[in-house]
Every structure is written in structure tokens, then in C-alpha cells.
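Spelled out, the chains give:
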Amino acid sequence: MAQEVNPMQLVAGDLNSGNPNDNQNSNNNKESAAEKVDSPPPTYDTLEDTPMLESTVQPTGLSPLSVTDDWKAIVKTHFTKLDETIVESQNFHWDISNWSDLPERVESPTFEVGRFRWSILLFPRGNNQKEYVSIYVKLVDIEKDPDAYACAQFAIFLSRPSEPTNYQCQAAQHRFTQYASDWGFASMIPIDRLNFDSQQLPVLENNCIRISTVVQVIKDETGVLWHDFIHYDSKKITGFVGLKNQGATCYMNSLFQSLYCTNYFRKAVYQIPTDQDDPTGSIALAMQRLFYNLQCRDTFVDTIEVTKSFGWNSSDAFMQHDVQEFNRILQDTLETKMKANIRNTPADGAIKKLFKGRMKSYIKCINVDCESARAEDYYDIQLNVKGCKNLEESFVDYVAEEMMDGENKYSAEGHGLQDAKKGVIFESFPPVLHLQLKRFEYDVFRDNMVKQINDRHEFPLEIDLKHYLDTNAVDQGVSHKYILYGVLVHTGDLTGGHYFAFVKPTKQQKWLKFDDDRVVPATLKEVLEDNYGGEPLNVMGHRGYKRSTNAYMLVYIRESMQDEILADVSQKDIPAHLVKKFEQERQERDIRLKGKEEQHLYIFVQVITKEAFELNEGMDFVTYDHLVDTSFTSPIRRLRVRRDMSFGDFKELLSENLAMAKNQFRVWSMVNRINQTIRPDAQIDDEREKNTCKSYFSILLDGKSNISTKHINALYVAIGVIVDTYRASQVDFRVFIERMDLMNTTKYSPPVSKTDILIFIKCFDPEKQLIRGVGYLYAKKMDTIESKMKDIREIIGYEAQVEIDLYEEIKPTKVDKINPDRTFEKCEIQNGDIICVQKTLSEEEYKKLIQDEKYPTIPDYLDFLFYRIDTLFISYDQQDPTNLTGRFKLALRKNIPYIKVVQWVADQLDANPAKVQLFLPESNHNVEPIPIRPIPSLSFQDVLRRMNRPVLFYQVHDITLAELEMKRTLEITVCTPTLSDTSKMKVRVSKHECIADLLQVVQSQGATFKSKSGTRQPRVFEALNNKFHHEFVENDLVSSISDSAIAQLYAEEVPLEEIGVKEEDLVYLPVFHYQRGVQRTHSVPFQLLLKKDEEFSDTKKRLQQRTGMNDKDWSKVKFNIVTGFTCTPVQDHTRLWDIKQDQQESILGLDHIDKASHAVRSAFNKPLSIRG
């Protein structure tokens, strides 16, 4: 059956099961004389023919076009315009003179286009339907060469032989392969219109018709044009494999592929010593494994092991982060590892050697010889896109000098106010240059991205950066010509999108597109033009539309170092211990994969012994979880058995595992009953299995076929069939082994009589509060219960005169007392039922048990077991899992009131219940335990529904919970004597009290504000995301303090410099700390009092004193004025007072490493962090 394309579409559709090349219809492709139609075409008529179909009406005033002479002009209106090269276009005419005599399927003579042989497949009475004529184009070469393929646009025409200007046409484009060797239209024309048409002349002309086709072969430059990627092999086509997307890790995948193809970097990562590292917690080892798998695997690679080494969980994999920030943190982490472990190896200093450059910020006076400069390292460059047409303009913009004149003159030391030029110049460029294109604008006050820039921005294949280099640079004589190596692309908007990368792995290799798990060759247009952004060029109807797919990160490599950086990485470059380790992991992975692939061939059987029943001290037949094992001594053994194993062989296996002869035990199936219990149900024996399987296969075949005795004998013994017969919804098939002590040597154990039932006995000791299985016995259905009382006493070990009560354990919540005078049948006791026995209690014994808070009867005790849950209680103030103090367990009932739980906890702690507060464990959304609000109707079951595990935290307050409701618990960071000297404390104050009261509580808990040169005057301020937000006065209410998760509360001593200052001179500048990106804030923010004529060189001294940073750390701090979307370096002679007057919204940013690792990114996004 051939393939159909919707006539309204110009793209290929999916394959369907009726492909004429399918094996079930393979003879359809064989040519025969009967199927070939090769008659000479009739003589063409004149061009003055009238239109046949509506779709063929020619424009008024133009000469009609003929399918024989004007086919090139016709297909221009039917074929989609492509950027790809046209190899060849040809038309072919197939004239059919015996339409009514045609068979169901006909194939035309072959014709050649673009060095391929083609034919037309015709289904005159329809393909898989009977209403339309179906016609397809077929690539014939595939019959002899399955690997042959062709990309082509094609059009199929139907016309009367004498009227070539009147035609019906449908067109499509398709990739012809062995999986879809033909493509076309199942609904070419209605069959009922062949001989009659109310509006047109009929298509058939004297039982003749002309089928014409135009095939236009397209050059497949990349090898994947119009590929459906169903049968695609990235490794075979490109030599590379992709990375699996865990949810939203495409940004990470694109960077990993770029770093992997940077072969010098890959070699350096391989050389990091990791033989002693934690297999799951080492980032370096995870990166080595990732690179090794990318190099050696034939299919895409998973990144879960890498993200686990980062300390991420599954939720982190669904959170997109900024690639630049991720790259910086990853490089910092790897560089730290390299520094700590490596000396004189390829990895030593590899990151700095590859990615580190140096730039200089300067202010140079115009009229006097005075210059202030500061040099700093960089690992990437952020370039403006807005206002720049191309990469060159972005670099020009980056190094453009700003004039400082007029009111903005520069205060030069020793020269007063001077006209000056301020700018940035590069002192060196790294071998691998990462350029970050600023496609998103960041608002530091809103603390998020507010605008996406989709302007057109072109970047070249090569660029000379010498023009942007300082004339005094050390490497001025070295070539600074850079070659484009990678383009990381984002498609989407601010709220989300997708990331992929284009990389040119070698100088000779073509560009490749790395899109998660798929790697495909790419054209230069895909790399460049498609990622410039802005309006598409030469595309009609898109005026004013800007593409949301554009480059956001470019990677250039210095041309003179390409050979070194991109040198091949062979197996010899990988340390032997890594190869051994990763190959062993691969073999283990292959074994697991094979096990999964063959899983359907096996079943798991739980073999339950009498010992398992006797060890059960709870409900039902046995407790499974902690008893199941694969060892020979386990009371419940889990065996992996092939489904096709015979039942006889299965018994041999059991005999071996149980160390018993086959005639010493019976096998009973265990079933899930409707009442939610699991009990032995029926004996499995050879004769029963034969009858069972006969019934099984009779149902399976629905009586449509007779099964011979020979077939039954071959089939009935398969354990898989037995399992399918007995097992309901169980994951494992469970069997109970009944041990028999036979004195004879019969080969097989005798089957159980149909009148016998197997009953299991439990015994309950109310004093010990213990119930357990003790054994089993056989009884006749018509026996009375009383007749078996002697046997029951013997099994338990009771004397004959001991009075006993019997109960049937029907299900956990239903335990009925048994009347011994009734028969087993009357009591509806059957195979696998459990009779629970206890001594008959006197009235005094009963009362004593109640008085001792014990459960006196079997129904009471089993009811307790059903609702019981052992709950762990942990002190709120001692949450360290290694410290077991302050922990205890209580056996509680699920259905008790919550207030009763509090009472029992209070009794355990010898505390007042009114002062005991319980908390739920922390969750993904709450980093601290969550307090439980006690309401009258709350039950313990309600609390359990909100818990993943039975763990609660407790806290005993010094006031009642009712009083606590009127107070507010605050976490406040006390900073004294400097902002680096911090201590956190939790305080409790009334919601109606004020800040002054809060400070008194803080001081009463040990906080002191007595620095050597301080004022002894404390104050409280609030920050949001580590940025100064608001300072409170003493009369402000505590209720005005933010309860937002992003808010921080601080108390500090008012600096001495702020005392006695006139109100009009109290000008403050907010100061915050960040690491590289202004989103990654950390440490304690504050407000700095500005002094009118103070230069920044003096301001820095006050800043260091205020922050409390040591000289070593302070020397690494970079100072920037952050205004709106820009960060401007602060020079030593800058006056912050003047900046504040001109730019009221400016804040001062201190850029340095966050040693406390408390950085945050924004109010709504989880911080990006990688575990070191």
C-alpha cells in the first residue's frame, strides 16, 4: 500500500501500514507483463482546449499552460520555494488506453531523474478505500539498494490525452527511503468522476487517460533533509551522540556538547585525579564519565549522574538556568578541584589557559598626564545587542570611550577637576573566547529579566580582535584572528523556551547541530542567518515580525591555536583506570538492560514456608516486606523463574532450595481475596494443571480450534501458564509450601481430597499483647469445630482442660467469634482461613487487662494493629540525624483525635499539653518543619495524610499555644561589631508590640551592641533577596515586618559617623554584595552614609571597616555602580555623593566570591548552585 499526502499540504505525511513495500505485499513491487502498461500516447490536440477542472482554470488574458510543454512554469506555482539546490527536474507521461481492464495495482515504466530511477504506482480502484483513485511516486532504486534515498518535490497530473491544458494536479515533497519508498495521494480523484462530471468533461477519454508527473530532485547537503528521525543514527552520520533532556536541561546539554568538542578541555578533565572520589558525589568524576560516554557510546547519553553530583534533585532538572551563570559556576568548581589535586599535568591551569583573558578599566585625563586604571581577569564577555547591527559594532560599543567633562569632570589627584576619557580596553584575549550576547535586559530593582531583545545581530565566521587590544599589550605581535567554533541558541521568550547548539568540531568537519539527544549536520544558513534574530530576510508577509530564535552565546577559537585546542582525543588520552572503571559500568549497564529486555521471559515467585507464618505477629497470613529474601534460610524466598520452565522443573528447583524431596511437600497457590487478604487457596498438582490448562487454552482460543492431547501435554506443564491461571493483580506469584512427613517413598505427594480443608491457627496472649502463627491442620468440611478443639490445643501447647475462645480472622477490620457446635462448612471456613485462639478470660482477668491499658480480646488487639502506626518524635531544637537525643517512638492509632496525640507526647516529656506544639517535617516548599494548627475536629489520620513518613517534630514552649498565637516568631541576624560578625537568633514578640520591644527581646537573649568605636544604639532593617529594603524606627509595629520567604531581618549598631550629622546631609547609598552576576546576591546589605567631597579611595576604607572584610578578601572586591540594566566600575577618584545626586536609583555593588554559599538569584527562582 502506498503513502498518502493531504492534497492541501506540501509536506510529506506519515507512513501507514499499507506500504506496497511491506513484506505482506512484497510481490506488488515485482514487474510483470500483465501489470505494465506501455502503449504509445495518442496524438496531442491543439492548445485551444477548455478547462477540465476548477483547479486548472488559467488566469484571464494568459495563454493556457500545457502539462506537456509548460510543465516548468506550472510546477513553480505548486512547489514550495526552497533554499536547497535543485539537482534536476524532469517530467514523465504515462498514457493508459485500457483503463477499465487494469488490475488492482499497476506500475508504470521507469524513468530517470537526478540519476535515480522512478515509477508511478496506480491503484485505479483505490488503495485501502474504494471511493478515490490512488496514485503515488516510487523510488525504484531502493529495490536493489536499501540504503539508497532521494529527496524530491513531485507533482502528479491527470488529464485527457487530447487536452494537456486541462489537468488536475496535486504536489508534495518527500524523503524517499527504504522505510517510505513511495509517496503520493490516496484521494487523487473520485472514481465516480472518471466517466461523468456535471461541471467538467469526464477525465476518461474513450477509456484512455494520461498520468503525468514532474519529479524535482533536491540536493541533500546535510544528509537529513526532511528526515523523520525514526531510523536515525547520530553516531553513524556525524560521529557524535546527543544528551538526554531530563526535563529542562537543554541549556546544560548545549554547553556540555560545546565543552566536550573543545578537545583540550576534554583531555584536561580526563586528567583530574578521581580514583579516590565518591562515585556519586564527585563532579569531576561525573564529567569524566559523561565525556567518556559521549566519546564511546553509540546512542545518546544520560546526564542524571552529572546532576546528582551537583547535588540536584529531580525538581532541579525542570528548572532552566542562565547558561553563562551555569558555565561560570561549573568552571569555578572544576578549577578548584584541579588546583587542589593537580600539579604539572595537562589539567593544571587548563581552564585559565583556555578561557581566561584580561581587560583594563581606565580614566585618562585629556589635558594633563594622569591616568587611573584597574586590570581584571574575565572568562567571558557580555556584549550589547541593542543598538548594534553586528559583532564588530558590539565590540566597538564595548571599548567606546565616555567623555567626562562639564559637570561630570574627573577629579584627578594633584590636578583637580579635569576633562577625561573613561573606557575599557582588552589586554589579552583567551584561546577560547566565550561571548555572551545580551538578549535579555535585567532590572536590578525588580530583580528579574524584563525584556527580551530579538533585534537582528550578525556575527561573522571569523573576526580579527586586534583593533580592540591595548597598544601596550604583551601579545600585540600574536595573531588575534578568531574562527567561529560554536553558536548556542535560544528559541522562545522570557517565560521559557528551548536551547540547542551548533558546533564545528574540527577545522575540516562541517557544522553540527546538537539538539539534546539528536546530533545532525547543519548548513551555514542554519548556523548564521537563522540565528541572527530580527526580521527574516526575503520572506514575504513577515514585515515587522521578529524571530524569537537567536544566538545568545558565541564561541570563537584563536585561529593559530586550533590545531592544539581541537587535536584529536584518542583512547590513549584517557587514563587506564577510568577506561577500566567506565567499561565495567558499561558491562553492568548492559546486563541490567538485557535483564529488562528479557524481563517478559521471567516471573518472580515468592515461596512462603510454615516458618514465615509462625513468625507473623500481626494481621493476615504473613508480613511480607521484611521476610522476603533470596537466601536459602529465608522464611520467604524470592525466586526468578523462566516462564517456559515446566512445573516439574519448578518443583525440582523448589526441592533444591528447600532441601526436601519432591514427595515431601505440597505446593499451594496464594490468592488475593476480595476482602484484601492473601491466603493459600488451592493445591497445585500435575493432574490439576493438565485440566486447568486445557480450560485455559480453550478460553484463550475461544473454541475456534481443537487442541490435541499432544499439544496439551506439551503446554500444560509451563509454569508461566500456571502463573497466569492463578495470579490476579500480584506483582509476584506466591506459593505456600506445605511440609509433609511421609514414611513411604512415593514419587509424588498425594493430592488433597476435595472434602478436606487446610486451616491455619494463630494464638493470642493478652498479657504479652502478642499474637502469632502456631501451625495448621486439616479438617473435613462437615466436621464440627468442637471435634478439632483437641488438635488445636495440641498445636498451641495447651492442656486438655484449658478453656479457649475461637475467632475467625476474616479481614483486618472483621474478626468474628466462632460457635464450636457448628460445622466448618456452616461457618464458611475454607482453605487458607485463619482461626485465632485465646484462653477464655474470667471477669477479673478482663478488668485487670483493661486497667493495665491492654487489649483483652483478639478483635480488640487486631483492631489496634490495623490502625497502629509507629511514629517517631524528634525535638525541634535537635534535628541533626546523627544525634539521637530528644527522640522517641510512640505506637499510635490512626483514628484517634489529634489532641490525644499531643497528650501522649506531653506524658512522654512530662510536660503541660497546652505548651506542646507539634510540627510536620519539612517539604520541597518549606525548608523548616511546619507547625500543626490544633483544631477540635482534627484527627491523627488528617495529620498522616500530609506526611510522607511517620515523623513529627515537637517543641515545648514556656507559654501556652493560645498565648503563642498572639506572638510572632522572627529570625533576626545580629551584626556586631561589623557586618561580617553575624549571629542568628529566633525571638518571640507580640504582634502588637513595636521595634523597640523587639530590640529589648534581642538584647535579653544575649545580643550586645558595644563595638569599640560604636554608638551603643541598635537599629533594625529589612532586606529582600540580600538587598537593602527598609529601615525601621522604634515605633514601627512588629506586624509591619515582611513575612515573605525572600525577606531577611537584621539588627546592627548605628555607626558613629552617622551621629550628629545634619538631616540635610544624611544622604545614603544602598550597598549589596554579589558574585559575578547581579542576580547572585549574598551577604549582609546595608546603607552607606555619603560624604560630600569624599573620593572613593577614602570611601573604600570606610566600606572595609563597615563590612569587616580582611585585607586579602578586600583586595579581590570589584566595585560597580548598578543603575537600571548597567554596571559601571567605580574609580578611586569618583565621588559617590555626586553620582547619587545625578542618579537617585543607583546602588553600589560589591562583586566578590560568596564564601558562605548563601547566594540567591531572584524572588521566584531557586538559586543555581553546584555542590563542590
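Residues numbered from 1 in each chain as written. Predicted model: local features only at pLDDT ≥ 70, side-chain atom pairs only at ≥ 80, totals over all residues. Heavy atoms only, no water.

You'll find the protein entered in an unreviewed UniProt entry as ubiquitinyl hydrolase 1, with Phascolomyces articulosus given as the organism. A UniProt comment under Catalytic activity (unreviewed entry) is attached to the protein, and it reads "Thiol-dependent hydrolysis of ester, thioester, amide, peptide and isopeptide bonds formed by the C-terminal Gly of ubiquitin (a 76-residue protein attached to proteins as an intracellular targeting signal)." (UniProt positions renumbered as here; feature names shortened; annotations may be inferred.)

Here the focus is the overall build of the protein. The secondary structure content of the protein amounts to 27 helices and 51 strands. Taking all 1172 residues of the protein together, 50% fall into the buried category. If you take every contact in the protein between residues at least 6 apart in sequence, the share linking residues at least 24 apart comes to 68%. Surface accessibility of the protein: about 58,200 Å² in total, with carbon and sulfur atoms responsible for 49%. (Helix = DSSP H or I, 4+ residues; strand = E, 2+ residues; numbered from the N terminus. Buried < 20%, exposed > 50% of the residue type's maximum accessible area, 1.4 Å probe, protein only. Contact = heavy atoms within 4.5 Å. Areas by Shrake-Rupley, 256 points an atom, 1.4 Å probe, with all protein chains shown as cover.)

Looking now at the packing of aromatic side chains. Enumeration over the complete set of coordinates arrives at 50 aromatic pairs. On the basis of an interplanar angle of 90° and a centroid distance of 5.5 Å, the ring pair of F621 and F736 is categorised as edge-to-face. Taken together, the positions of F621 in the loop between α13 (610-614) and β27 (628-629) and F736 in strand β31 (residues 733-739) put the pair 115 residues apart, joining distant regions of the chain. The two residues F621 and F736 agree in class, both being buried. Here the aromatic residues Y251, F256, F310, W312, F326, Y499 and Y552 are joined through ring pairs into a cluster of three or more. A cation over a ring is seen here: K610 above Y776, with NZ or CZ 5.8 Å from the ring centre. A cation over a ring is seen here: K651 above F665, with NZ or CZ 5.4 Å from the ring centre. (Phe/Tyr/Trp six-rings, centres within 6.5 Å; stacked < 30°, edge-to-face > 60°. Lys NZ or Arg CZ within 6 Å of the ring centre and 35° of its normal.)

This brings us to the pattern of salt bridges. Overall, the coordinates contain 58 salt bridges when judged by the stated rule. Among the ionic pairs, D419 bridges to K409, the shortest N-O distance being 4.0 Å. Here D419 is found in the loop between β15 (416-418) and β16 (420-428), whereas its partner K409 is found in the loop between β13 (402-404) and β14 (410-412), with ten residues between them in sequence. Measuring nitrogen to oxygen at the nearest pair gives 2.6 Å for the salt bridge that ties D833 to R673. (Salt bridge = Lys/Arg side-chain N within 4 Å of Asp/Glu carboxyl O.)

Spatial strand order, β1-β9-β6-β7: four strands in an open sheet with antiparallel pairing. Each having just a single partner strand, β1 (86-96) and β7 (167-176) make up the two edges of the open sheet. The sheet shows a mean angle of 15° between the axes of neighbouring strands, direction not considered. (Pairing = 2+ DSSP bridges. Axes fitted to C-alpha atoms, helices over the stretch in contact; angles between N-to-C directions.)

Listed as buried for helix α24 (residues 995-1004) are I995, A996, L998, L999, V1001 and V1002. Contact partners of the buried residues in α24: β42 (967-975), β43 (982-990), β44 (1018-1024) and β46 (1047-1053). Trailing α24 by a residue or two, G1006 shows a phi angle of about 110°, which is positive.

Taken together, E407, D1093, D1138 and D1142 make up a surface patch of like negative charges. Examined against the element boundaries, E407 turns out to sit in the loop between β13 and β14. Note on E407: relative accessible area 86%, which makes it exposed. (Patch = residues over 30% accessible without salt bridge, like charges linked within 9 Å, V, L, I, M, F, W, Y side chains within 5 Å. Lys, Arg positive; Asp, Glu negative; His and termini not counted. Charge placed at Lys NZ, Arg CZ, Asp CG, Glu CD.)

Attention shifts here to the sheet that holds β16. Taken together, the four strands give an open sheet; going across it, the order is β11-β10-β16-β13, and neighbouring strands pair in antiparallel fashion. Of all strands in the sheet, those with a lone pairing partner are β11 (371-378) and β13, marking the two edges. Strand-to-strand twist across the sheet, computed as the mean angle between neighbouring axes with direction ignored, equals 25°. In this sheet, β16 lies alongside β13 in antiparallel orientation, the contact comprising three bridges. For M404, the partnering residue across the bridge sits in β16 and is A420. Helix α9 (residues 391-399) rests against β10 (357-365) and β16 of the sheet, and its axis sits at about 125° to β16.

A cis geometry characterises the amide bond from T976 onward to P977, with omega recorded as 5°. The residue P977 is located in the loop between β42 and β43 in this model. Positive phi outside glycine occurs at A659, with the angle close to 60°. Positionally, A659 belongs in the loop between α14 (647-658) and β29 (665-672). Positive phi, normally seen in glycine, also occurs at E853, with a value near 55°.

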